[in-house]
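Geometric and topological summary
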Amino acid sequence: MASAVDPTQASSLTTDTPDFVHRAHEKEASKNDQIKVIDSNTNPNDIREDPKGRPPPLLLSKEEQPVDGVFQNIVNFRDVGLNYNRESGENYMKEGWLFRSGRLDDASTADLKILTEKYGIKTVIDLRSELEGKMGQDLT
């Protein structure tokens, strides 16, 4: 039995919620001054505060919501073995054992969960220069 989703409650929606429910929610929210649907084009000056000076509840549009299993802040992540084997046309490297990416300093909690749970990463080797590495000392 499917559970009911209240289209006025942003917290009731998940990435597993069907698209038609998201669209209905956004349509209802756009009619309702209490909830503001926003995206990357939203001008902060267009978000009006209530009489007590509080901003309205905000709902990120479906197109802008994070996708489960996809990195939010890690760029250029790839399997070195897979890419090398594809380029060479041979099976020289074991796939799924050596990965590379851009800096991990800005990785979200969800990103780190993907690295550890989906890819089984236990060790990070930072090949940046000492100066570049100092910029990312918070990553442990």
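Residues numbered from 1 in each chain as written. Predicted model: local features only at pLDDT ≥ 70, side-chain atom pairs only at ≥ 80, totals over all residues. Heavy atoms only, no water.

Along the backbone of the protein there are four helices and four strands. Secondary structure elements of the protein occur, N-terminal to C-terminal, as α-β-β-β-α-β-α-α. (Helix = DSSP H or I, 4+ residues; strand = E, 2+ residues; numbered from the N terminus.)

Bringing the side chain of Asp79 into the picture now. Its place among the elements puts Asp79 in strand S3 (residues 78-79). The side chain of Asp79 is buried and forms no salt bridge, while Arg86, the nearest opposite charge, is found at 8.6 Å. A distance of 2.7 Å separates the side chain of Asp79 from the backbone nitrogen of Gly96, its partner in a polar contact. When neighbours within four sequence positions are excluded, Asp79 is seen to be in contact with Glu95, Gly96, Leu98 and Phe99. (Buried < 20%, exposed > 50% of the residue type's maximum accessible area, 1.4 Å probe, protein only. Lys, Arg positive; Asp, Glu negative; His and termini not counted. Salt bridge = Lys/Arg side-chain N within 4 Å of Asp/Glu carboxyl O. Polar contact = N/O pair within 3.5 Å; in protein donor to acceptor, adjacent residues only side chain to side chain. Contact = heavy atoms within 4.5 Å.)

Its location among the elements puts Pro56 in the loop between strand S1 (36-38) and strand S2 (58-60). Accessibility expressed as a relative area gives 15% for Pro56, which makes it buried. Residues Pro56 and Val37 lie 19 residues apart in sequence; the distance between their C-alpha atoms is 10.0 Å.

The next subject is the confidence of the model for the protein. As a general rule, the predicted coordinates of low-pLDDT regions are not to be interpreted in detail. Here the protein shows a mean pLDDT of 77. Residues at 70 or above account for 69%. Low pLDDT (under 50) marks residues 1-12, which in the prediction has 14 contacts with non-local residues, meaning those over four places away or in another chain. (pLDDT = per-residue confidence, 0-100.)

Turning our eyes to something else, we now look at unusual backbone geometry. Phi is positive for Asn76, which is not a glycine, with a value near 60°. Relative accessible area serves as the criterion here: at 46%, Asn76 is assigned to the partly exposed category.

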